[in-house]
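# Survey of secondary and tertiary structure
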Amino acid sequence: MLTLTGESPIVAAKITGASMKKSRAHFLCQNCGYQSPKWLGKCPACEQWHQFAEEEPVVAASPYRYSDGPAQVVTMGEIAADEQDRILTGIGEIDRVLGGGLVGGSAVLVGGEPGIGKSTLLLQVLEKLAKGGLKVLYVSGEESAEQIKLRGRRIGALSENILILLETDLDEIIRQLEEIAPQILVIDSIQTVNSSALPAALGSVSQIRECAGRLIIQGKKRGIPVFLIGHVTKEGSIAGPKVLEHMVDTVLYFEGDAGHQYRIVRAIKNRFGPTNEIGVFEMGRQGLCEVGNPSAFFLTTGQEPAAGSVVAATMEGTRPILVEIQSLVIPNNFGAPRRTTNGVDHNRVSLLVAVMDKVCGHRLTSHDIFLNVVGGIKIDEPAVDLGIVASLLSSLLERPVGDKTVVFGEVGLTGEVRGASQGPLRIREAQRMGFRRCIIPHSQTGELPGEDGMKILSIGNLKELSRRLFD
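Read on for an overview of the structure. (Residues numbered from 1 in each chain as written. Predicted model: local features only at pLDDT ≥ 70, side-chain atom pairs only at ≥ 80, totals over all residues. Heavy atoms only, no water.)

### Section: empty space enclosed by the protein
The criterion, for reference: Buriedness of a pocket was judged along seven lines, with at least five required to meet protein on both sides within 12 Å; pockets are open sets of points on a 1 Å grid over the protein atoms alone, cavities are sets where a 1.4 Å probe fits but cannot get out, and lining residues have an atom within 4 Å of a point. Grid points are joined across faces, edges and corners, and a volume is the space filled by probe spheres set on the points. Elements are defined by DSSP. Helices are runs of H or I of four residues or more, strands are runs of E of two residues or more, and each kind is numbered from the N terminus. Think of it as three bins: nonpolar holds Ala, Val, Leu, Ile, Met, Phe, Trp, Tyr, Cys and Pro, charged holds Asp, Glu, Lys and Arg, and polar takes everything else, Gly as well.
Enumeration according to the criterion identifies three cavities of 30 Å³ or more in this entry. In this model, the largest cavity occupies a volume close to 70 Å³. Forming the boundary of the largest cavity are I94, V110, L121, L122, V125, F227, L252, F254 and V265. Every element with two or more residues in the lining of the largest cavity is listed here: α3 (118–131) and β9 (250–255). Looking at the lining of the largest cavity residue by residue, the classes come out as nine nonpolar, no polar and no charged.

As structure tokens, then:
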């Protein structure tokens, strides 16, 4: 029997078995990167179903560092940083979402559904930056040069400072990056980039993590902003989102659908500015156009007040926006009532219906409820609660609310109406849009300045809402 020199057959078998065990493939969650020795239906880390895929265990192909020389320790006072060093993109809504412009060496992840306008918007950003004299590099792994040129011609992005590279190999992209030395880098998309040193499949978590990590480090070493475009899965999240979100500085999500012209860019994470900030755009023939007055964009004008329609003042980041909430409440004659919502959390609406039943005595549990936020915008802040309740109440009683009335406030489980942040900003926005009545929580009346031409009505609980709403 053939054995290892100086070892018994048993020891040799153990050594061989150990080496074989190390080379065994493992299963990796394609959503969050969780590793498991066997396939699992549900990921215990991110609780997503059917996300595990088999991958060979790999080691980083080429360990990357911020600097090529020895590491140096510096004090906080020795670091030079200035907010004015930001790079303005020339598109106000993008600068708002980024917190005031691009920061040198930052990594920005842009995600959204296919065809929603990610590539179009970034090409418009590159055109503005190129006109400012910056050399920008657009790396595409999905489209041909002719396709990019046709899109650029349609939106007017034809600057000579926009350099196009059609490449998916990571090493070649880095080589071109060193040779060209651009000041802005866009990767479209990160799922198409692969490292030949890794045996993992294209688009897998291992490939995404390695390629994104090396590109981010290259951007930080050179002090250039890097945009990474990420695809979304059928569940609506970026493939490998937890891995990428932890690696980048800013995460921007596109929101919108084919049935509406608007597009919203929302900052989910931002190390250089406020989170949950939004930029509003309108899709047109020449690309995405900025919407300077979102409140007017999302409100219905020129119509008589209708039952079930209420305007609520909400905050998106640092910006107040007025939105119209419409609801339809009708009796149900078939047993189980239906609850259909669009733009707000379904469970939140069910909770508010239960509070209305318990506190106000309105028997909504036997009614079908359909609720929609006009324009397709999604709202998740608690201050919209009062607008939802007012809309349901108006539809149930078939009594329209005045078209010059706006409401905001959070509703508790006992029916109390609680205060909301940035109350004065909401009221000023309503006044600017021509509203003359505002129903607010009673706890906020002391912090509001006097507003000319605006009648402030305060309530403490839902029992007072009907009296104030239909005055």
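Resuming the write-up.
### Considering the environment of C29
Applied cut-off: Every residue pair with non-hydrogen atoms within 4.5 Å of one another is taken to be in contact.
Considering the arrangement of structural elements, one finds C29 in strand β1 (residues 26–29). With 24 residues separating them in the primary sequence, C29 and A53 have C-alpha atoms 6.5 Å apart. Not counting residues up to four positions away in its chain, the partners in contact with C29 are Y34, C43, C46, Q51, F52 and V205.

### Regarding the sheet that holds strand β12 (residues 287–290)
Note the following rule: Two strands qualify as a pair provided that DSSP identifies no fewer than 2 bridges between them. Convention adopted: a line fitted to C-alpha atoms gives each axis, helices being fitted over their contacting stretch, and angles between N-to-C directions are expressed from 0 to 180 degrees.
An order of β6-β5-β7-β8-β4-β9-β10-β11-β12 is seen for the nine strands of this open sheet, with the pairing classed as mixed. Among the strands making up the open sheet, the edge pair consists of β6 (162–166) and β12. Each strand axis lies, on average, 25° off the axis of its neighbour in the sheet, ignoring direction. Two elements, strand β4 (residues 107–111) and strand β8 (residues 226–230), share five bridges in a ladder whose sense is parallel. Pairing of A107 across the sheet is with V226, part of β8.

### Things to note about the packing of aromatic side chains
The description of two aromatic rings rests on the distance between their centres and on the angle between their planes. Here is the rule: Stacked, tilted and edge-to-face are the three classes assigned to paired rings of Phe, Tyr and Trp, where Trp is represented by its six-membered ring and a pair needs centres within 6.5 Å; plane angles under 30 degrees give stacked, over 60 edge-to-face, the rest tilted. Here's how the labels work: a residue is buried when its accessible area is under 20% of the maximum for its type, exposed when over 50%, partly exposed in between, all with a 1.4 Å probe on protein chains only. For a Lys NZ or an Arg CZ to count as sitting over a ring, it must be within 6 Å of the ring centre and within 35 degrees of the ring normal.
Within this structure, the stated rule accounts for three aromatic pairs. Consider the rings of Y34 and F52, whose centres lie 6.4 Å apart with planes at 85°: the pair is edge-to-face. In this pair, Y34 sits in the loop between β1 and β2 (35–36) while F52 sits in strand β3 (residues 52–55), placing the two residues 18 residues apart along the sequence. The exposure class assigned to Y34 is partly exposed, which follows from its relative accessible area of 34%. For F52, a relative accessible area of 8% gives the class buried. Among the aromatic residues, those joined into a ring-pair cluster are Y262, F297 and F298. Here the guanidinium or amino end of R426 rests over the ring plane of F408, the centre of that ring lying 5.4 Å away.

### Some remarks on the pattern of salt bridges
Worth spelling out the cut-off: Salt bridge, as applied in this entry: a Lys or Arg side-chain nitrogen positioned within 4 Å of an Asp or Glu carboxyl oxygen.
All told, the structure shown has 16 salt bridges when counted by the stated rule. Among the salt bridges present, the one from E143 reaches R151, with a minimum N-O distance of 2.5 Å. The pair E143 / R151 is uniform in exposure class, with both members buried. Its salt-bridge partner being E316, residue R266 comes within 2.6 Å of it at the nearest N-O pair. Residue R266 is found in strand β10 (residues 262–270), and its partner E316 is found in strand β13 (residues 309–316); the two are separated by 50 residues along the sequence. Neither residue differs from the other here; R266 and E316 are each classed as buried. Through salt bridges with shared partners, a single ionic network connects E172, R175 and E179.

### Observations concerning the nonpolar core
Condition: The definition of a nonpolar core used throughout is a set of buried Ala, Val, Leu, Ile, Met, Phe, Trp, Tyr and Cys residues joined through side-chain atoms within 4.5 Å.
Ranked by internal contacts, the top residues of the largest apolar core, which has 43 residues, are L386, I388, L392, I439, L462, L465 and L469. Within the second largest apolar cluster, 32 residues are counted, among which are L102, V125, I184 and V186.

### Digging into the packing of α3 against helix α4 (residues 145–155)
The condition that has to hold: In this scheme the handedness of a crossing depends on how the near helix is turned from the far one: anticlockwise by less than a right angle means left-handed, clockwise means right-handed.
With their axes 10 Å apart at the nearest point, α3 and α4 run at an angle of 65° to one another. Crossing angle aside, the handedness with which α3 passes α4 is right-handed. Facing α3, whose interface residues are S119, T120, L123 and Q124, α4 presents I148, R151, G152, R154 and I155. For the contact of α3 with α4, the residue count by class is three nonpolar, four polar and two charged.

### Overview of the packing of helix α5 (residues 170–180) against helix α6 (residues 205–222)
Pairs of packed helices are described in terms of their axes, by the angle between the two and the distance that separates them. Quick reminder of the rule: Under this scheme an angle from 65 to 115 degrees is roughly perpendicular, one under 35 degrees roughly parallel, and one over 145 degrees roughly antiparallel; angles in between are oblique.
The interhelical angle for the contact between α5 and α6, taken along N-to-C directions, is 10°, at an axis separation of 11 Å. Judged by the inter-axis angle, α5 sits roughly parallel to α6. Here L170, D171, I173, I174, L177 and E178 of α5 lie close against α6, whose contacting residues are E210, C211, R214, L215, Q218 and R222. Looking at the contact of α5 with α6, its residues break down into six nonpolar, one polar and five charged.

### What to know about helix α11 (residues 423–432)
Of all the positions in α11, only G423, P424, R426, I427, E429 and A430 are classed as buried. For α11, the elements touching its buried residues are α8 (294–298), β13, β14 (319–331), β17 (405–407), β20 (437–441) and β21 (455–459). Among the residues trailing α11, G434 stands out with phi positive, at a value near 95°.

### Description of unusual backbone geometry
Geometrically, the link from D188 to S189 is a cis peptide bond, its omega value of 0° lying close to zero. Within the secondary structure, S189 sits in the loop between β7 (184–188) and α6. In this model, H50 sits at a positive phi of 55°, which is unusual for a non-glycine residue. Secondary-structure assignment places H50 in the loop between β2 and β3. H50 sits in the exposed class, given a relative accessible area of 58%. With a phi close to 55°, E398 is a non-glycine residue in the positive phi region. By the element assignment, E398 lies in the loop between α10 (385–397) and β17. E398 sits in the exposed class, given a relative accessible area of 66%.

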